[in-house]
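# Coordinate inspection notes
So you can see what is in the structure, the chains are spelled out below.
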Amino acid sequence: MIVLGIETSCDETGIALYSGTEGLLAHRLHSQVDTHARYGGVVPELASRDHIRRVLPLIDECLADANLSRTHIDGIAYTRGPGLAGALLVGTSIARSLGWALDRPVLGVHHMEAHLLAPMLEVDQPRYPFLALLVSGGHTLLVQVAGIGRYRVLGESLDDAAGEAFDKTAKLLGLPYPGGPQLEALASQGEPGRFVFPRPMTDRPGFDFSFSGLKTAVVNTVRTATNDAATQAAIARAFQDAVVETFAIKTRRALAHTGAGHLVVAGGVGANQALRQRLREVASEHRAQVAYPRLAFCTDNGAMIAYAGYCRLVAGEQDSGRVDVRPRWPLDDLQAPGECLAAQ
Ligand code: KG4
Ligand code: ZN
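For clarity, every value in this text was computed on a predicted model and none was experimentally measured.

### A short note on the sheet that holds strand β8 (residues 150-156)
An order of β8-β7-β6-β9-β10 is seen for the five strands of this open sheet, with the pairing classed as mixed. One side of each edge strand has no neighbouring strand; the edge strands of this open sheet are β8 and β10 (289-291). Direction aside, neighbouring strands of the sheet carry axes that sit 25° apart on average. Two elements, strand β6 (residues 130-135) and strand β9 (residues 262-266), share four bridges in a ladder whose sense is parallel. Paired with A132 across the bridge in β9 is V264. Sitting on the sheet, helix α8 (residues 229-258) touches β6, β7 (140-147), β8 and β9, and the angle it makes with β6 is about 155°.

In structure tokens, the structure reads:
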């Protein structure tokens, strides 16, 4: 079965073709960074308009890369949520129209489930059950994963998501959008230990996160510190160290709690090298193996949507005719592939 994946939940248009027998056949991405940079963040209406322009040409490019035509597509998966409503509607409408024209099943995919399954696109796949740390621009979740669609959220952020915290701190330091990668680059030049920020909620039991106190600490330091390049870099370093150590502490706790032998780190913030390195150490303390998707599949992409869609389409799931995007959609609402069919 060949599945076309369409990702349009935020500021990246991602398209891919995944084959059940041959794996990933093609993937293409258009980033809207240039469109939003001058506004310092994502402008939802501009995001939707750009997705409209990009989706069909990117599908044609993917088909050409894979030497296929539209008739080879057996099923279509698109991001149904969570994300920006208008942006989601673009992917949904195009997926539905194509499905209707080609007479193929169409399925809306959960964006965070797709992030979580992205390491399955790699040769070294994690084995179920595993623990997943999902860290993106909109979500921060520690999830116990028994199998596809069998998720238990152990902890989440009570306020800002990790990526949001990176983006806001980057903005405070005068860095351009998108903040996360820029802040990582600045932090790598920063003197460690010159500033020390709190590791929020690590002294409390449980697995939840909170980044608003850390943000306030950064605001206060930026306000009082000198405005030279070395100081800015040291602040970036201290912020990143605080976030990385917070994730290390909670992930260590969750590995001990679940006894999981595999750890998956996914979502845009999972592209952060300092975080990757630290979590590798934490996992090895617990003799757990850690799986990261390749960098391009940590941030938003169509490949993870095609793969997650394939896993469910092949089990016979498909949308009803209703257009029903889910800008907010709790991960633990999901069921295992095919389970919703069994319940009908
Ligand atoms: O998963 P993603 O591409 O989109 C969402 O689903 O939100 O995540 C985007 C987030 C942004 O907040 C971005 O700043 C952050 O991931 N990010 C990073 C890095 N690369 C992307 N944060 C820290 N370090 C990075 N290298
Ligand atoms: Zn994402």
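Structure's up, so let's keep going.
### Remarks on helix α2 (residues 44-65)
An ideal rise of 1.5 Å per residue puts 32 Å on 22 residues; α2 measures up with 30 Å between its terminal C-alpha atoms. At R54, α2 shows its largest bend, some 30°, and a proline, P57, comes one to four positions later. Those residues of α2 that are buried lie in contact with β1 (2-7), β2 (12-19), β3 (23-31), α1 (33-37) and α3 (85-102).

### Comments concerning the coordination of the zinc ion (ligand 2)
Expected angles at a metal are 109.5 degrees for tetrahedral coordination by four donors and either 90 or 180 degrees for octahedral coordination by six donors. At this site the zinc ion (ligand 2) is bound by H111 (NE2), H115 (NE2) and D300 (OD), with donor distances of 2.0 to 2.1 Å. In the primary structure, the donors to the zinc ion (ligand 2) are separated according to the pattern H-x3-H-x184-D. In this pair, H115 sits in helix α4 (residues 111-117) while D300 sits in the loop between α10 (295-298) and α11 (302-313), placing the two residues 185 residues apart along the sequence.

### Here we look at the packing of aromatic side chains
On inspection of all chains with the given rule, the structure shows seven aromatic pairs. Ring centres 5.1 Å apart and planes at 85° place the aromatic pair F166 and F239 in the edge-to-face group. Of this pair, F166 sits in helix α5 (residues 162-172) while F239 sits in helix α8, and the two are 73 residues apart along the sequence. Positioned above the aromatic ring of W329 is the side chain of R80, whose terminal nitrogen or guanidinium carbon lies 5.0 Å from the ring centre. Sitting over the ring of F209, K250 keeps its end group 5.9 Å from the ring centre.

### A word on the sheet that holds strand β4 (residues 75-81)
Spatial ordering of the open sheet is given by β3-β2-β1-β4-β5, a layout of five strands whose pairing is mixed. Of all the strands in the sheet, just β3 and β5 (106-110) have a single pairing partner and so form its edges. Going from strand to strand, the sheet's axes swing by 20° on average, the running direction of each strand aside. Lying on the sheet, α2 is in contact with β1, β2 and β3; it crosses β2 at an angle near 30°. Against the sheet, α3 touches β1, β4 and β5, its axis set at about 160° to β4.

### Considering unusual backbone geometry
With an omega of -15°, the peptide bond running from G81 to P82 counts as cis. On the secondary structure map, P82 appears in the loop between β4 and α3. In this chain, Y128 is followed by P129 through a cis amide linkage whose omega measures -5°. Counting through the fold element by element, P129 comes out in the loop between α4 and β6. Its identity is not glycine, yet N67 carries a phi of approximately 60°, on the positive side. Within the secondary structure layout, N67 lies in the loop between α2 and β4.

### Points about the confidence of the model for the protein chain
In this model, the protein chain carries a mean pLDDT of 96, and residues with pLDDT of at least 70 account for 99%. Of all secondary-structure elements in the protein chain, the lowest mean pLDDT belongs to helix α12 (residues 339-342), at 74, while β1 reaches the highest, 99.

### Some thoughts on the domain arrangement of the protein chain
Its domain assignment divides the protein chain into domain 1 (2-116 + 297-343) and domain 2 (127-292). Centre-to-centre separation of domain 1 and domain 2, based on C-alpha positions: 27 Å. Tallying the contact residues gives 22 residues for domain 1 and 23 residues for domain 2. Between domain 1 and domain 2, roughly 1,800 Å² of surface is buried when both sides are summed, and carbon and sulfur atoms account for 73% of that area. It is M112, L116 and C298 that lose the most area in domain 1 upon contact with domain 2, and together they represent 36% of the buried surface on that side. On inspection of domain 1 and its partner domain 2, the count reaches zero salt bridges. Across the domain 1-domain 2 interface, the total number found is five residue pairs in polar contact (both at pLDDT 80 or more).

### Focus on the site of ligand 1
Around ligand 1, 18 residues are found, and the nearest of them are H115, G137, D167, E184 and G268. A total of 550 Å² of accessible area belongs to ligand 1 in isolation, and the protein chains cover 88% of it. Where the shell around ligand 1 is concerned, the elements lending two or more residues are α4, α5 and α6 (179-187). Residues belonging to the shell around ligand 1 are distributed by class as follows: four nonpolar, 11 polar and three charged.

The rules we used
- Residues numbered from 1 in each chain as written.
- Chains lettered and ligands numbered in written order.
- Predicted model: local features only at pLDDT ≥ 70, side-chain atom pairs only at ≥ 80, totals over all residues.
- Heavy atoms only, no water.
- Pairing = 2+ DSSP bridges.
- Helix = DSSP H or I, 4+ residues; strand = E, 2+ residues; numbered from the N terminus.
- Axes fitted to C-alpha atoms, helices over the stretch in contact; angles between N-to-C directions.
- Contact = heavy atoms within 4.5 Å.
- Expected span 1.5 Å × (residues − 1).
- Bend = angle between axes of the 7 residues up to and from the residue.
- Donors = N, O, S within 2.8 Å, 3.2 Å for Na, K, Ca; no water.
- Phe/Tyr/Trp six-rings, centres within 6.5 Å; stacked < 30°, edge-to-face > 60°.
- Lys NZ or Arg CZ within 6 Å of the ring centre and 35° of its normal.
- pLDDT = per-residue confidence, 0-100.
- Domains from an automatic or database assignment.
- Buried area = accessible area lost by both parts, 1.4 Å probe.
- Salt bridge = Lys/Arg side-chain N within 4 Å of Asp/Glu carboxyl O.
- Polar contact = N/O pair within 3.5 Å; in protein donor to acceptor, adjacent residues only side chain to side chain.
- Near = heavy atom within 4 Å.
- Areas by Shrake-Rupley, 256 points an atom, 1.4 Å probe, with all protein chains shown as cover.
- Nonpolar A, V, L, I, M, F, W, Y, C, P; charged D, E, K, R; others polar.

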